[in-house]
Protein chains: 4
Amino acid sequence: YIGAVSAPLYAENPEDEVSPRDMQQINSKGNMDFCIKNIKLADFGRREIELAEDEMTALMALRKAAQGEKPLAAAKIVGCTHVTAQTAVLFETLKVLGAQCRWAACNIYSTQDEVAAALAEQDFPVFAWKGESEDDFWWCIDRCVNVEGWEPNMILDDGGDMTHWIYKKYPHLFKKVKGIVEESITGIHRLHQLSKAGKLCVPAINVNDSVTKQKFDNLYCCRESILDSLKKTTDIMFGGKQVAICGYGEVGKGCSAALKAMGSVVYVTEIDPICALQACMDGFRLAKLGDVVRHVDMVITCTGNKNVVVREHMDLMKNGCVVCNMGRSNTEIDVNSLQTPELVWQHVRAQVDHIIWPDGKRIVLLAEGRVLNLSSSTVPIYVLSITATTQALALIELFNAPEGRYKQDVYLLPKKLDEYVASLHLQTFDAHLTELTDEQAKYMGLSKYGPFKPSYYR
Amino acid sequence: YIGAVSAPLYAENPEDEVSPRDMQQINSKGNMDFCIKNIKLADFGRREIELAEDEMTALMALRKAAQGEKPLAAAKIVGCTHVTAQTAVLFETLKVLGAQCRWAACNIYSTQDEVAAALAEQDFPVFAWKGESEDDFWWCIDRCVNVEGWEPNMILDDGGDMTHWIYKKYPHLFKKVKGIVEESITGIHRLHQLSKAGKLCVPAINVNDSVTKQKFDNLYCCRESILDSLKKTTDIMFGGKQVAICGYGEVGKGCSAALKAMGSVVYVTEIDPICALQACMDGFRLAKLGDVVRHVDMVITCTGNKNVVVREHMDLMKNGCVVCNMGRSNTEIDVNSLQTPELVWQHVRAQVDHIIWPDGKRIVLLAEGRVLNLSSSTVPIYVLSITATTQALALIELFNAPEGRYKQDVYLLPKKLDEYVASLHLQTFDAHLTELTDEQAKYMGLSKYGPFKPSYYR
Amino acid sequence: YIGAVSAPLYAENPEDEVSPRDMQQINSKGNMDFCIKNIKLADFGRREIELAEDEMTALMALRKAAQGEKPLAAAKIVGCTHVTAQTAVLFETLKVLGAQCRWAACNIYSTQDEVAAALAEQDFPVFAWKGESEDDFWWCIDRCVNVEGWEPNMILDDGGDMTHWIYKKYPHLFKKVKGIVEESITGIHRLHQLSKAGKLCVPAINVNDSVTKQKFDNLYCCRESILDSLKKTTDIMFGGKQVAICGYGEVGKGCSAALKAMGSVVYVTEIDPICALQACMDGFRLAKLGDVVRHVDMVITCTGNKNVVVREHMDLMKNGCVVCNMGRSNTEIDVNSLQTPELVWQHVRAQVDHIIWPDGKRIVLLAEGRVLNLSSSTVPIYVLSITATTQALALIELFNAPEGRYKQDVYLLPKKLDEYVASLHLQTFDAHLTELTDEQAKYMGLSKYGPFKPSYYR
Amino acid sequence: YIGAVSAPLYAENPEDEVSPRDMQQINSKGNMDFCIKNIKLADFGRREIELAEDEMTALMALRKAAQGEKPLAAAKIVGCTHVTAQTAVLFETLKVLGAQCRWAACNIYSTQDEVAAALAEQDFPVFAWKGESEDDFWWCIDRCVNVEGWEPNMILDDGGDMTHWIYKKYPHLFKKVKGIVEESITGIHRLHQLSKAGKLCVPAINVNDSVTKQKFDNLYCCRESILDSLKKTTDIMFGGKQVAICGYGEVGKGCSAALKAMGSVVYVTEIDPICALQACMDGFRLAKLGDVVRHVDMVITCTGNKNVVVREHMDLMKNGCVVCNMGRSNTEIDVNSLQTPELVWQHVRAQVDHIIWPDGKRIVLLAEGRVLNLSSSTVPIYVLSITATTQALALIELFNAPEGRYKQDVYLLPKKLDEYVASLHLQTFDAHLTELTDEQAKYMGLSKYGPFKPSYYR
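Counting restarts for each chain, with residues numbered from 1 along the sequence as it is written. Chain letters and ligand numbers both follow the written order, the letters beginning at A and the numbers at 1. Local features are withheld for residues below a pLDDT of 70 in this predicted model, meaning they are given only at 70 or higher, and side-chain atom pairs are given and counted only at 80 or more; totals for whole chains, interfaces and linings count all residues.

1. Here we look at the overall build of chain A
Alright, step 1. Each helix is a run of DSSP H or I of at least 4 residues and each strand a run of E of at least 2, with the numbering of both proceeding from the N terminus. Helix and strand counts for chain A come out as 16 helices and 15 strands.
Alright, step 2. Just to be clear, the radius of gyration here is over C-alpha atoms, and the globule rule we use is 2.2 Å times residues to the power 0.38. Compactness check: chain A gives a C-alpha radius of gyration of 24 Å against a globular reference of 23 Å for 458 residues, within 12% of the reference.
Alright, step 3. Exposed residues have 12 or fewer other C-beta atoms within 10 Å of their own C-beta, buried residues have 20 or more, and partly exposed residues fall in between, where C-beta atoms are placed from the backbone. Residue burial in chain A is summarised as follows: out of 458 residues, 58% are buried.

Rendered as structure tokens:
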């Protein structure tokens, strides 16, 4: 959480017009197998990576624990993820564990050029820069897989573009691929479709839905980011405010708990009676949105559904009501219904629009109804660490799994590894686990080393 | 929650020595097919049942909802459960839904005689009284199943004794039995053993592990009963006290949250890294018991494991430390290890012993290490209502299931019915569920009427 | 909090008919200057006192700290308070600090006879037994003050009866009295009336309104006892229940916080806008009772006012609504208004009545509207310790105050001593205070030893 | 909370070099009695004021309530405060209530030029612009008081500069001045010094220390701003983190509660035993900073004292520890002690410095130890509204007070008005106060219209 040192620190900010593809750069060791913005940024990037290492203690512990056995020796991994200081710690961990990697960015804007430079300087084949064109994007991916004398046997993907490219261009490579590790919901959706269509030809692990990752992404992270996001966009005071929260899944639970703790009066809407009953037992009034929308000061959607807040609701809201979306999709608020001639849109500041009714009433729409915390809250590095550790363990698992353990299907991370991810993250909190005695393990019918719970346990 | 009218209210407390088995009683309609303590208590018992009906709104709503279709018409149910005002509401509900029932007690002490009388007065064949002998117990069960011209086709059991008796004495009856509904952990364990041994010859539903019931039994109920139980046994003030809570499953989560809310400083011990990480994120220090046991004021076990608190721990505790068990088994505290000559046991009041060390140090042991809230806290009627409603729906499900839906195995209550139990209980809270629109249901790929979540969802 | 060993433990329970006044008992040292139930109970009582000493660590620390200087040497104290193990620790502390004491009970029922015996055995002149008549009561008080060759110079009173008796019978004694320490609200009210009437002839310290005592009596103790009291009288489940709490002073704050923490939805009523705003900022809806009374499950009064809940409110309550009073006076609920012919009162169990309306609706009235936690919750020994320590310090202060510091008026305990009471109680929590450096004290303009806040600071 | 429309919205951003003092501007009505940046910004400023009016409902309600009686008719107020949309609502309220005002800025940077323009356009004599020089500053103040044919009779000050100027230059004006209303701690300190020195020649009201304002400035506002400030400066995740909070006054209480609610483990340090005991009862470990500083992740000072965190503490902190100050003064962290050669300061981003020890350990110092929430959190408009309303009522009180009610001294706002400020702010929360009946008022010995509590009550 020390946080990345921000870019403005280095004076030399090369705004040169030449595309990286048109430059031939070379690192201090004479290596040229990379394509990045500017190799000169390597020192600065290395410092960023070192700061990130300080925080990603779980990966560093994994390096130490598994360094001897090199569980990824002989692994040849092609990666397509964000290229940042935190993912650099992941990739360098894979290397320490024995893997050879080639790496492209999964997003044309998110690359930290100085980090890419630091990797390139260490002979890491990385193909990514901030501000790639669509064409650059696929070119970089291609540079990872289309290599003479080198064929990948593992895929680390975030969004499914690497997997897609190999399917499309080099399907023969799948013969040697032992598995795919995919993080994003989109990518997992694509894998499931392949699987349904009988076209998935290697096993895949869905790292998004592991218990540890889910709890952090949805419950713990949202509990903090809802407050953060609202404060960064408005100067609302939470105390005494009435808030409607749509949906009481993990995200809704996190948002409700946070706002209640800040002194808001929270109403919850739900479709699922079991979640609804949980809301009641947690002290929230369960209501239909239409019944409370007139008097609340904020409406926050957390359902994953579409058109949860519609024009009829917004017509009833009182002046100044804040409307925003913490859910997964961008469809929860029917923003299109606000695109009518009688309503005036006033862009007030980044992420904030006022929609003004003919009678002067304003509602405050945040992030144009898109997922709020992605737009206006920083994801804590701790959450990134959980993702990265989960990815590393999934790669190790797939690469070393005995023949037949995994079929051509999409799997969740085995419970035991999910528990291992958690245990690697306990250290930060100076937390001390208790170990089962032999007698206790026998009594419970458990192994002393886990898994400790059935796979469905949350 | 109005609560049962306590027994002392009726002056006539018949302490007659004659066993009910040796008396022939007859109700006002001339019926004699029952065996109870005293038919004269019927009016008083009816009042108790009416009070219970006021609270068990879910069952009353079910009566109304299903009265027309009589989903249990032709069902012949033998029941073996506690005989109390609350279960009477359940059995009379089964009758309203079309079933014929015969009923014995599952415990020799727990029968409310006035309630049994009220049922008998309504021609309900009930065989139970407070203070049965072991022999009486099996005799009553037998009277339920060994009937000329009547064969049960459903079993409602709590502990497995009815099932056991039929297996042992009348195995042929199973030909007609469509299923068993079992509530207790013991009974479920017995069913699983039968199943493993290939001897389970009808389907069974485990109603103990439905999501709704679990949440109430463990999380919500324990959150309240830990405070209640401690106050009823000691005059401890919670504020500022340091407490070690062993185990952070649902029970541990409930206890920790309650004590934190009362101003205690809580340390949690765990073996499972995922639960441990949850404890950290909820603001609790995760420690080993041995590391904090010297300075805590209370130790509460919630693990389900054995020997979690052992003599070495108790030797280290400070003077006045309270030790108790909220877990499922009575084995969590190694009480036997305190049975040594140098320690003096002083029974202070019901549920409270002081164990005195040679140097004068005392620890305060509650309920001799047995499960505390069973001994010293009342189970709220709301929790009983959830159990009873779950049982009723499980009976309806098994009785009406199409051929082949259930094999000879132990099942959980289907998610959709679990959700229905929850929805019937929302009314108490004046809670209003939202319904999916057609468009939303389609978007989510859900039926508008549930189930709304995968079966593993908690 | 180990708690008193309950009476049933000693087999010998003397139910003798002879009044203590008609017996002449003698202790093992030949002393007869006492009047109690039964000197033979002394050993048992001593054990109770020793257990209490274990818990009243603040008084024990005070004994140690002030033993050398004997700040009460030459003090002659007449006391009129409850005679229990805890107050015995107080009186024996006064003795250790140098005082001579004589002691009568302030309540005809509250004396623990075995404790009185233990004191008598140690030559402590105590005049009290459980079950005194009115006449006995005044006789005991008289035995404290009407002594040849001994005149009190300090009064420790709880209710004002000792003070009243001296005013009435021996007003000349006031010439030597250096001050009165009074604990009860009633007693303080009487002192203020004397003061207004110009008849108060010595200084008095009101120990009831010291900050430390107030916070514990009202906020911290009620936060726990509201839950305790409700659970001991009803089997209500708090989760999801709607509750109206009348008054948001310290008691209301404590009750609201506790019920919110247990998952209740709390509405607050207030007359004072500042407290009302605090309720809002703490996340409670502020409402008029009439506007929410139809749908709440409980109404709890905490105002100190009268007729806060009246018949009109109770006519509107729903079936099963629980009504109770946590305030100071017994007047908050207009119970008289329920004494009308059409309503049926049904006594359900100790502290619980059902009031039944003609249409069958019942409300559940607790403790007949009297202060609930006095009736059905144990006061934690920790709270008693704070009171006793405050009394001891007030006696020391008045006895040693330089001429002129206190006039013939009613005073609060000086802030510095109030802070000292708090500091003596911090030890229980293994709490470590920080000391000001000289530089910091100077910067803040404070003494390093307090007082640290202005007298009005709460 | 809709928030001010940010400046970038208006394209025309006059960066002209000419000082406002050297321009002669004229409003649309021909008036020239003002000095501001650019009269053309008036429309834009008016919109900002209108948005602020929407939020400052208390002042708007006061306008309505007091419009008829014009309690400030004949008042001539000179004001020296921040010139923002919110204070504009205050000044225009004063005008509506009958006052004539002249207004200068109390800070050379804080003026919103468009707001000043809007006021000037309405003939309001305002003398302020963003980026005044020191000389400009005093010149503007002088233009308020040094007016032919107009003499102020009330002063509204924030910092004491207006008061100081009149003392220095125009002391004769005090003859007509009926009182001073001062908001800032600095200004109040100056008034107290004048008073001590016998030089205060008019009554003054300290609006900073009214109960309502204090609660919001310190407790409620800090509860939110601590989270906000930390998130805006670092990407720390609060869950599971260990935090030391120095001081458990209102600010410390707010910060502790907020972090506890987010899942942090909080240690509190205190010098005052009463506050310390409160921390214990609220569930916090009370410790000395030196004893916990090695293992905490954050240290937050809230004491108002100096050198609470010193070099010795910082030498012991672990890598990545965040250090910041939420207290009143900038002296709490001994930042000077970090200015030694062996430590490297690295400025990471606005408000964030890393201090690097020779062994590579970094601590993260926020706002260079200055008060954090002033630097990095927005003050909610609700808090500003409370201040402005308090100022308005204090002006009305002093102006209309009967001869002799106030001497030449510094007063707190009378309790009744403090309550009135609160009641005007309840509306936002749709909160409904209960009124005393005549009978209840009599029983309590209170007026039905307050004050409801003694003046010391918090």
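2. Considerations on the domain arrangement of chain A
Alright, step 1. By domain assignment, chain A separates into domain 1 (7–208 + 381–413) and domain 2 (224–376).
Alright, step 2. For domain 1 of chain A versus domain 2 of chain A, the distance between C-alpha centres works out to 37 Å. Domain ranges listed in this record stem from an automatic or a database domain assignment.

3. Comments concerning the UniProt feature "binding site: substrate" (unreviewed entry) in chain A
Residues and elements named next belong to chain A.
Alright, step 1. UniProt positions are given in the numbering used here, feature names are shortened, and annotations may be inferred rather than shown by experiment. Under the UniProt annotation, the feature "binding site: substrate" (unreviewed entry) is placed at Thr 84, Asp 158, Glu 183, Lys 213 and Asp 217.
Alright, step 2. Within the secondary structure layout, Thr 84 lies in the loop between β1 (76–81) and α3 (85–96).
Alright, step 3. Take Thr 84: there are 20 C-beta atoms within 10 Å of it, and that puts it in the buried class.
Alright, step 4. The contact rule is simple: place each C-beta atom from the backbone, and if two of them lie within 7 Å, those residues are in contact. Here Thr 84 is in contact with Ser 110, Gln 112 and Val 115, once residues within four sequence places are set aside.
Alright, step 5. With respect to the helices, strands and loops of the structure, Asp 217 is situated in helix α8 (residues 211–233).

4. Looking at the interface of chain B and chain A
Alright, step 1. Of the residues lining the interface, 44 residues belong to chain B; the matching set on chain A comes to 44 residues.
Alright, step 2. The set of elements that each furnish at least two residues to the side of chain B that touches chain A consists of α8 (211–233), α10 (273–281), α11 (289–292), α15 (415–426) and α16 (438–444) of chain B.
Alright, step 3. Among the elements that make up the side of chain B that touches chain A, the one with the highest residue count is α10(B) (7 residues).
Alright, step 4. Nonpolar residues are Ala, Val, Leu, Ile, Met, Phe, Trp, Tyr, Cys and Pro. Charged residues are Asp, Glu, Lys and Arg, and all others, Gly as well, are polar. Classifying every residue of the side of chain B that touches chain A by side-chain character gives 22 nonpolar, 10 polar and 12 charged.

5. Looking at the confidence of the model for chain A
Residues and elements named next belong to chain A.
Alright, step 1. Predicted confidence across chain A gives a mean pLDDT of 93, with 96% of residues reaching 70 or more.
Alright, step 2. A residue's pLDDT is the confidence the predictor assigns to it, expressed on a 0 to 100 scale. Below pLDDT 50 for its whole length, residues 1–14 participates in 29 contacts with residues either more than four positions away or in separate chains.
Alright, step 3. Overall fold confidence (pTM) sits at 0.92, and the ipTM for the predicted complex is 0.91.

6. Observations regarding the environment of Tyr170(D)
Residue and element names in this part refer to chain D.
Alright, step 1. Within the secondary structure, Tyr 170 sits in the loop between α6 (161–169) and β5 (179–182).
Alright, step 2. Residue class for Tyr 170 comes out partly exposed when judged on the 14 C-beta atoms lying within 10 Å of it.
Alright, step 3. Sequence separation of Tyr 170 and Ala 261 is 91 residues, and the distance between their C-alpha atoms is 53 Å.

7. Some thoughts on the relation of the copies chain D and chain A
Look at the two chain copies: a rotation about an axis and a shift along it is all it takes to match them.
Alright, step 1. In superposing the copies, a least-squares fit is computed on C-alpha atoms, taking residues whose pLDDT is at least 70 in both. When chain D is fitted to chain A, the best match, at an RMSD of 0.1 Å, comes from turning it 180° and sliding it 0.0 Å along the axis. Classification of the inter-copy transformation places it as that of a two-fold axis.
Alright, step 2. When the interface residues of chain D are mapped onto chain A, 100% of them again lie at the interface, so the same face is used by both copies.

8. Details of the interface of chain D and chain A
Alright, step 1. Taken together, the contact between chain D and chain A spans 35 residues of the former and 35 residues of the latter.
Alright, step 2. Looking at the side of chain D that touches chain A, the elements that each hand over two or more residues are α8 (211–233), β12 (344–349), β14 (362–366) and α14 (381–400) of chain D.
Alright, step 3. Looking at the side of chain D that touches chain A residue by residue, the class counts come to 16 nonpolar, 10 polar and 9 charged.

9. Some thoughts on the packing of α8(D) against α14(D)
Residue and element names in this part refer to chain D.
Alright, step 1. Two elements in contact, α8 and α14, have axes whose closest approach is 9 Å; the angle formed by their N-to-C orientations is 165°. Judged by the inter-axis angle, α8 sits roughly antiparallel to α14. Between α8 and α14 the crossing geometry is left-handed. Between α8 and α14, the contacting residues are Thr 212, Lys 213, Phe 216, Asp 217 and Cys 221 on the first element and Val 383, Ile 386, Thr 387 and Thr 390 on the second.
Alright, step 2. Class assignment for the residues of the contact of α8 with α14 results in 4 nonpolar, 3 polar and 2 charged. Between N-to-C directions, angles span 0 to 180 degrees; the directions come from axes that are lines fitted to C-alpha atoms, helices contributing only their stretch in contact. The scheme is simple: roughly parallel for angles under 35 degrees, roughly antiparallel for over 145, roughly perpendicular for 65 to 115, oblique for anything else. In this scheme the handedness of a crossing depends on how the near helix is turned from the far one: anticlockwise by less than a right angle means left-handed, clockwise means right-handed.

10. Concerning helix α1 (residues 42–55) of chain B
All names here are of chain B.
Alright, step 1. Relative to the 20 Å expected for 14 residues at 1.5 Å per residue, α1 spans 20 Å between its end C-alpha atoms, a close match to the ideal helical length.
Alright, step 2. Burial in α1 covers these residues: Ala 42, Gly 45, Glu 48, Ile 49, Leu 51, Ala 52 and Glu 55.
Alright, step 3. Buried residues belonging to α1 abut α2 (57–66), α3 (85–96), α4 (113–121) and α14 (381–400). Multiplying 1.5 Å by the residue count of a helix minus one yields the expected span of that helix.

11. Details of the sheet that holds strand β4 (residues 154–157) of chain B
In any sheet, the strands associate via hydrogen bonds between backbone groups, in a parallel or an antiparallel arrangement.
All names here are of chain B.
Alright, step 1. One open sheet accounts for 7 strands, arranged β3-β2-β1-β4-β5-β6-β15; its pairing is parallel. Only two strands of the sheet have a single partner each, and these edge strands are β3 (126–127) and β15 (410–412).
Alright, step 2. Where α3 meets the sheet, it contacts β1 (76–81) and β2 (100–105), and its direction lies at approximately 160° from that of β2. Strands were regarded as paired on the criterion that DSSP finds at least two bridges between them.

12. Description of the sheet that holds strand β6 (residues 204–206) of chain D
Residues and elements named next belong to chain D.
Alright, step 1. The strand order across the open sheet built from 7 strands is β3-β2-β1-β4-β5-β6-β15, with neighbouring strands paired in parallel fashion. Two strands lie at the open edges of the sheet, namely β3 (126–127) and β15 (410–412), each paired on one side alone.
Alright, step 2. Both strand β4 (residues 154–157) and β5 contribute to a ladder of 4 bridges, which runs parallel. Paired with Leu 156 across the strands is Val 181, a residue of β5.

13. Re α8(B)
Residues and elements named next belong to chain B.
Alright, step 1. For α8, spanning 23 residues, the distance from its first C-alpha to its last is 31 Å, which sits close to the expected 33 Å at 1.5 Å a residue.
Alright, step 2. Think of it this way: the bend at a residue is just the angle between two axes, each fitted to seven residues, one set ending at that residue and the other starting at it. Considering bend angle alone, the principal kink of α8 is centred on Cys 222 and spans about 55°.
Alright, step 3. Extensive coverage of α8 is indicated by the burial of 21 of its 23 residues.

14. Let's talk about the pairing of strand β10 (residues 298–301) of chain C
Residue and element names in this part refer to chain C.
Alright, step 1. Judged by which residues are buried, β10 turns out to be covered on both faces: Met 298 and Ile 300 on one side and Val 299 and Thr 301 on the other are all buried.
Alright, step 2. Bridge count between strand β7 (residues 242–246) and β10: 4 bridges; the pairing is parallel. Paired with Val 243 across the strands is Met 298, a residue of β10.
Alright, step 3. Pairing analysis gives 4 bridges linking β10 to strand β11 (residues 321–325), with the strands arranged parallel. From the neighbouring strand, Thr 301 faces β11, where its bridge partner is Asn 325.
Alright, step 4. Following the chain from β10 across helix α12 (residues 311–316) to the adjacent parallel β11, one finds a crossover that is right-handed. Place the viewer so that the strands point away; then a crossover is right-handed whenever the path from the first strand over the helix to the second strand goes clockwise.

15. A few points about unusual backbone geometry
Alright, step 1. With an omega of -5°, the peptide bond running from Gly450(B) to Pro451(B) counts as cis.
Alright, step 2. Tracing the sequence through the fold places Pro451(B) in the segment after α16.
Alright, step 3. At Asp430(A), a residue that is not glycine, the phi angle is positive and equals roughly 50°.
Alright, step 4. Along the chain, Asp430(A) turns up in the loop between α15 (415–426) and α16 (438–444).
Alright, step 5. By the C-beta count within 10 Å, which is 17 here, Asp430(A) ends up partly exposed.

16. Digging into the environment of Met237(D)
Residues and elements named next belong to chain D.
Alright, step 1. In this structure, Met 237 sits in the loop between α8 and β7 (242–246).
Alright, step 2. Overall, Met 237 belongs to the buried group, with 27 C-beta atoms counted inside 10 Å.
Alright, step 3. Between the C-alpha atoms of Met 237 and Gly 263, which are 26 residues apart in sequence, the distance is 9.5 Å.

17. Description of the packing of helix α3 (residues 85–96) of chain D against α14(D)
Helix-helix packing is described using two parameters, namely the angle between the two axes and the distance between the axes.
All names here are of chain D.
Alright, step 1. α14 packs onto α3 with a crossing angle of 25° between their chain directions and a minimal axis gap of 10 Å. As the angle between them shows, α3 and α14 are arranged roughly parallel. Seen along the crossing, α3 lies across α14 with a hand that is right-handed. Only Ile 381, Leu 384, Ala 388, Gln 391, Ala 392 and Leu 395 of α14 make contact with α3, whose side of the interface consists of Gln 86, Thr 87, Val 89, Leu 90, Thr 93 and Leu 94.
Alright, step 2. Class assignment of the residues belonging to the contact of α3 with α14 gives a composition of 8 nonpolar, 4 polar and no charged.

18. Let's talk about the environment of Lys29(D)
All names here are of chain D.
Alright, step 1. The topology assignment puts Lys 29 in the segment before α1 (42–55).
Alright, step 2. Overall, the presence of 8 C-beta atoms within 10 Å leaves Lys 29 in the exposed class.
Alright, step 3. Considered as a pair, Lys 29 and Gln 122 are 93 residues apart in the sequence and their alpha carbons are 8.4 Å apart.

19. Structural notes on the pairing of strand β2 (residues 100–105) of chain C
Residue and element names in this part refer to chain C.
Alright, step 1. With 5 of 6 residues buried, β2 lies mostly within the body of the structure.
Alright, step 2. The sheet contact formed by strand β1 (residues 76–81) and β2 spans 6 bridges and is parallel. When the bridges of β2 are listed, Gly 79 appears paired with Trp 103.
Alright, step 3. At this point the chain moves from β1, through helix α3 (residues 85–96), to the parallel β2, and the crossover so formed is right-handed.
Alright, step 4. As judged from the 2 bridges shared by β2 and strand β3 (residues 126–127), these two strands associate in the parallel manner. In the strand pairing of β3, Ala 104 is matched with Phe 127.
Alright, step 5. Since β2 and β3 lie parallel, the crossover through helix α4 (residues 113–121) that links them has a hand, and here it is right-handed.

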